[in-house]
Every structure is written in structure tokens, then in C-alpha cells.
Number of protein chains: 2
Amino acid sequence: MSAHALPYRPHNHQACVTQALADARSICQQQNVRLTPTRERVLELIWQSHKPLGAYDVLAKLTSEGHNAAPPTVYRALDFLQQQGLVHRIASLNAFTGCTHAGEHHTGMFLICRACGNVLELTDASVSTAIQNAANAEAFRAETVTLEVAGLCPGCQAEKAV
Amino acid sequence: MSAHALPYRPHNHQACVTQALADARSICQQQNVRLTPTRERVLELIWQSHKPLGAYDVLAKLTSEGHNAAPPTVYRALDFLQQQGLVHRIASLNAFTGCTHAGEHHTGMFLICRACGNVLELTDASVSTAIQNAANAEAFRAETVTLEVAGLCPGCQAEKAV
DNA sequence: CGTGCAAATGTTATAATATTGCACTTTTTG
DNA sequence: CAAAAAGTGCAATATTATAACATTTGCACG
Ligand SMILES: [Zn+2]
Ligand SMILES: [Zn+2]
Ligand SMILES: [Zn+2]
Ligand SMILES: [Zn+2]
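If you're wondering where the values come from, they're calculated on a predicted model, not measured in any experiment. (Residues numbered from 1 in each chain as written. Chains lettered and ligands numbered in written order. Predicted model: local features only at pLDDT ≥ 70, side-chain atom pairs only at ≥ 80, totals over all residues. Heavy atoms only, no water.)

> Looking at this model, I keep getting lost on the coordination of the zinc ion (ligand 4). Mind explaining?
When four donors bind a metal tetrahedrally, each ideal donor-metal-donor angle is 109.5 degrees, and when six bind octahedrally, the ideal angles are 90 or 180 degrees. Residue and element names in this part refer to chain B. The protein atoms that coordinate the zinc ion (ligand 4) are C113 (SG), C116 (SG), C153 (SG) and C156 (SG), at distances of 2.2 to 2.3 Å. Taken together, the four donor atoms surrounding the zinc ion (ligand 4) define angles of 105 to 113° at the centre, an arrangement classified as tetrahedral. Within one chain, the residues donating to the zinc ion (ligand 4) are spaced in sequence as C-x2-C-x36-C-x2-C. In this pair, C113 is assigned in strand β3 (residues 109–113) and C153 in the loop between β5 (141–152) and α6 (154–161), connecting sequence segments 40 residues apart. On the basis of relative accessible area, C113 is assigned to the buried category, the value being 2%. (Donors = N, O, S within 2.8 Å, 3.2 Å for Na, K, Ca; no water. Tetrahedral: all angles 85-135°; square planar, octahedral: opposite > 155°, others 65-115°. Helix = DSSP H or I, 4+ residues; strand = E, 2+ residues; numbered from the N terminus. Buried < 20%, exposed > 50% of the residue type's maximum accessible area, 1.4 Å probe, protein only.)

> Please clarify how the coordination of the zinc ion (ligand 1) should be interpreted in this entry.
All names here are of chain A. At the metal site, the zinc ion (ligand 1) is ligated by H88 (NE2), C99 (SG), H106 (NE2) and E121 (OE), and these contacts range over 1.8 to 2.2 Å. Taken together, the four donor atoms coordinating the zinc ion (ligand 1) span angles of 100 to 135° at the metal, a pattern that classifies the geometry as tetrahedral. If you list the donors of the zinc ion (ligand 1) from N- to C-terminus, the spacing comes out as H-x10-C-x6-H-x14-E. Here C99 is found in the loop between β2 (95–98) and β3 (109–113), whereas its partner E121 is found in strand β4 (residues 119–122), with 22 residues between them in sequence. Judged by its relative accessible area of 4%, C99 is buried. Overall, the relative accessible area of 7% leaves E121 in the buried class.

> Can you walk me through the protein's contact with DNA strand C in this structure?
Around DNA strand C, the surrounding shell holds 17 residues, and the nearest of these are A:T36, A:N68, A:R76, B:Y56 and B:R89. Near-protein atoms of DNA strand C (within 4 Å) split between backbone and bases, with sugar and phosphate holding 52%. Contacts to DNA strand C include A:N68, whose side-chain N or O atom sits 2.7 Å from a phosphate oxygen. Of all elements in the fold, only α4 (71–83) of chain A together with α4 (71–83) of chain B reach the threshold of two or more residues within the surface near DNA strand C. Of all the elements, α4(B) adds the most residues to the surface near DNA strand C, at four residues. (Near = heavy atom within 4 Å. Polar contact = N/O pair within 3.5 Å; in protein donor to acceptor, adjacent residues only side chain to side chain.)

> Would you explain the pairing of β3(A) in this entry?
In the case of a regular strand, side chains alternate between the two sheet surfaces. Residue and element names in this part refer to chain A. By the criterion of burial, β3 is predominantly enclosed, with five of the five residues buried. Both faces of β3 are covered, namely the face carrying M109, L111 and C113 and the face carrying F110 and I112. One ladder, built from four bridges, connects β3 with β4; its direction is antiparallel. Residue pairing across strands places I112 opposite V119, the latter belonging to β4. The turn joining β3 and β4, which pair antiparallel and follow one another in sequence, is formed by five residues; a positive phi near 85° is taken by G117. Note: β3 against strand β5 (residues 141–152), four bridges, orientation parallel. (Pairing = 2+ DSSP bridges.)

> I would appreciate a short explanation of the domain arrangement of chain A in the present structure.
Accessible area lost during the coming together of the parts is what is often quoted as the interface size. All names here are of chain A. Domains assigned within chain A are domain 1 (11–102) and domain 2 (106–162). Computed from C-alpha coordinates alone, the two centres of domain 1 and domain 2 are separated by 22 Å. Across the contact, 14 residues belong to domain 1 and twelve residues belong to domain 2. Among the residues of domain 1 in contact with domain 2, H88, I90 and H101 are the three that bury the most area, contributing 44% of the side total. Counting across the domain 1 and domain 2 interface gives eight residue pairs in polar contact (both at pLDDT 80 or more). Listing elements by their share of the side of domain 1 that touches domain 2, those giving two or more residues are β1 (87–90) and β2. The residue inventory of the side of domain 1 that touches domain 2, partitioned by class, reads five nonpolar, seven polar and two charged. (Domains from an automatic or database assignment. Contact = heavy atoms within 4.5 Å. Buried area = accessible area lost by both parts, 1.4 Å probe. Nonpolar A, V, L, I, M, F, W, Y, C, P; charged D, E, K, R; others polar.)

> Explain the packing of aromatic side chains here, please?
Describing an aromatic ring pair means giving the distance of the ring centres and the angle of the ring planes. Inspection of the entire model under this criterion finds two aromatic pairs over all chains. Stacked on the ring of A:F80, the Lys or Arg A:R39 has its end atom at 3.8 Å from the ring centre. (Phe/Tyr/Trp six-rings, centres within 6.5 Å; stacked < 30°, edge-to-face > 60°. Lys NZ or Arg CZ within 6 Å of the ring centre and 35° of its normal.)

> Which parts of the structure should I look at to understand helix α1 (residues 13–31) of chain A?
An α-helix turns once every 3.6 residues. As a result, residues three or four positions apart point the same way. Residue and element names in this part refer to chain A. With 19 residues, α1 ought to run about 27 Å at 1.5 Å a step, and its terminal C-alpha atoms sit 27 Å apart, in line with that. For α1, the complete set of buried residues consists of H13, C16, V17, A20, L21, D23, A24, I27 and C28. For α1, the angular spread of buried residues about the axis comes to 165°, placing them on one side. Opposite the buried face of α1, by more than 90 degrees, sit the exposed residues Q29 and Q30. On its buried side, α1 packs onto α2 (37–48) and α4. A distance of 3.2 Å separates the backbone nitrogen of Q14 from a side-chain oxygen at the start of α1, and that oxygen is part of N12. With its phi angle positive at about 60°, N32 sits one or two positions after the end of α1. (Expected span 1.5 Å × (residues − 1). Arc of directions from axis to C-beta.)

Take a look at the structure:
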């Protein structure tokens, strides 16, 4: 059901967006929450961007298409989308990105290219396990994990080599 | 040489601070960089707090003790301290905490209690390895890792149970 | 149907976090 | 000492996020 983005490969991105929106509608229906036009449009804008979008980037796009929006409009939509697991906030960028594992219970790990800005979301069991073990060893009850790795994606490594 | 804080146990914290400052002076001397009075005072303020301190918290303390400080004063000191590996920025809190492994080459993992606000910095080889492996599997060259785990520390779990 | 509640949105203002640019001072270096 | 580099003071501004309250919309219920 989920649209798993192919890492770093060119692809028909509009298909990703369409799939993500369809998934979102389905998830919201199941959860009996309302994916209102504003919320859906915000989700679409975030998905359309290949790079994480700041709240004010979203706001600017909404404004430019005639939507009478203010910061709370955007932040409320983003809060909703996060709660439904449809987008993630990247703390190290103050930006938001569409979840590529929506509907699956997961903790995301993000590979953020510092050159091109692209972000790849992963789920890796051995990482999750290691983190849980480390927390347990300190008797710490882990609830939410923020794991963001900055570096160079394959494409940008190649460019540097040239 | 480093002052490794005892996790979540009461301790003579002034000793931690003194040790951390001594370590910092030594590290800066080795690196041939200048731990100026402002920088040293900012580091001390951060260490004196048990919880991560926001830049404007630091600024307020400096101001209250007569230092003629503005935001750039603090951010510059913090940038310096981060570069020297003496403090870490906690992205999910927009706050700063003293590094308990200063001088050691390490990637920190932070256990952040959402109840009491305390932060414990860990280094865990199996976590680092798992993250590196996951990044390598995507041909991603990892450079900096942000790993912040929010949850409940042992003490606050106990309180909840009461 | 209405009527009434809860959820969602609009609107204004403001808070919190962070950076830019430029002048000035201190430290280092030759 | 003089020049260069590093650090600081200072004012303004940029960026990110929230508070507070009025208004509208969707929906359950009678
Ligand atoms: Zn996800
Ligand atoms: Zn890249
Ligand atoms: Zn550290
Ligand atoms: Zn606690």
C-alpha cells in the first residue's frame, strides 16, 4: 500500500505524490479523522517537494495560490499530519518531509544530504534494536527517537569526485 | 581526564563543572585555540545547569551578572564550544548541553527525560555501528549523527508509578 | 429540517530562536 | 611598532513557532 520511494533514483515523482495522497485518505478514513482540503493540500505540497519543506515555505506556496493562510494555518495542518504519521519533522532542518512508511508502525531514520538536500527515510531493525538496548541499559524508557544523519548521498559523492 | 557524569545519581555537581572547565582549558590549549573569558563563562553556565540551556537562557544569565551581551555574543561562544566538541546542541530542544566525553572522538546519543528535562549523553558502539551500516547500505557517506531519544528517566518512571 | 456542540479555520499579535553586517578592540605575528 | 587576524559590541533583522480569541463548518441528535 505505501509508496516506498526508490532511494536516490530518478522516478515518476508525481506517481509518488498521488500514491501518498491516496494512502493518506485511506489512513484518515480508517482513523476516522478528517483530511480537510487545507491538510491535504499541505501534504501534497510537502510531497511534491523533493526536499524537506519549512513551514514558511509551505505558507508561501499556499499564499501564492490564493489561499488566505497565516502561520497557524500551516502549523496546525502540520501538527495534524504528524499526529497521523503522514509527515515527519526533521529537527535538524526545522523542516517537514512526507513519511514514506505511512501506516506502518515505525521509527524513521533520515539520511540527509548536505549538498543536494535530499532526504531518504529508512527503517532499520538493527538500529532500532541497538538504540532500545542502549536505553534499556540505563533503565530509560524510550518513547520517541530522533535519528538524523547528515552527509553526502551517492550522487553528490560522485560529483565531488569529478 | 573526562568527567563522566554518573547517570541520574545525585553527585557533587560543582566537581563536574570544575573538572569540565579544566578539561576544556586543556583541550583548547592543545588545539591552540582561545578559551576566552566569555567562552569559558558560557561553558560554565551550561555545565552548571543540569538541564540543557537555551541560547537565550545563557544570554539572560550573562546579562544578569552585568555582562553586556547580545544574542550574537552567546551564539558565537556556542558555535566555538561546539566546534571544539565541548558542548552539544540538542536539536529537538533547541538547547545546549555540556559534552561529557570532551576530547574523545565520539558521536553522542542523548536520552532526554520529558518529565524532569535531564539529559544523559551516551556513547554506544553497537548503535554507532548499526547506524553506519544502515547508511553504508544506501551508499550514503555519513558525517554527523543526531540521535536524541525522548522518554522517561528511571526516577520519573518511579514517580509515575506512585 | 433545525438546533447545538465540537472540530476546524481565520485573524491578529507576539514569542522564541538565530543570523547579518559593520564598527571597534584585542591578540598574534613578523 | 605595524599589519593582519581573531574576537567582541551593537543594532537591526530574519526565521521559526505559538497564544488568544472570534468565526465558520461539519455532524449528531431530536
Ligand atoms: Zn516515516
Ligand atoms: Zn546529495
Ligand atoms: Zn559528547
Ligand atoms: Zn526524569
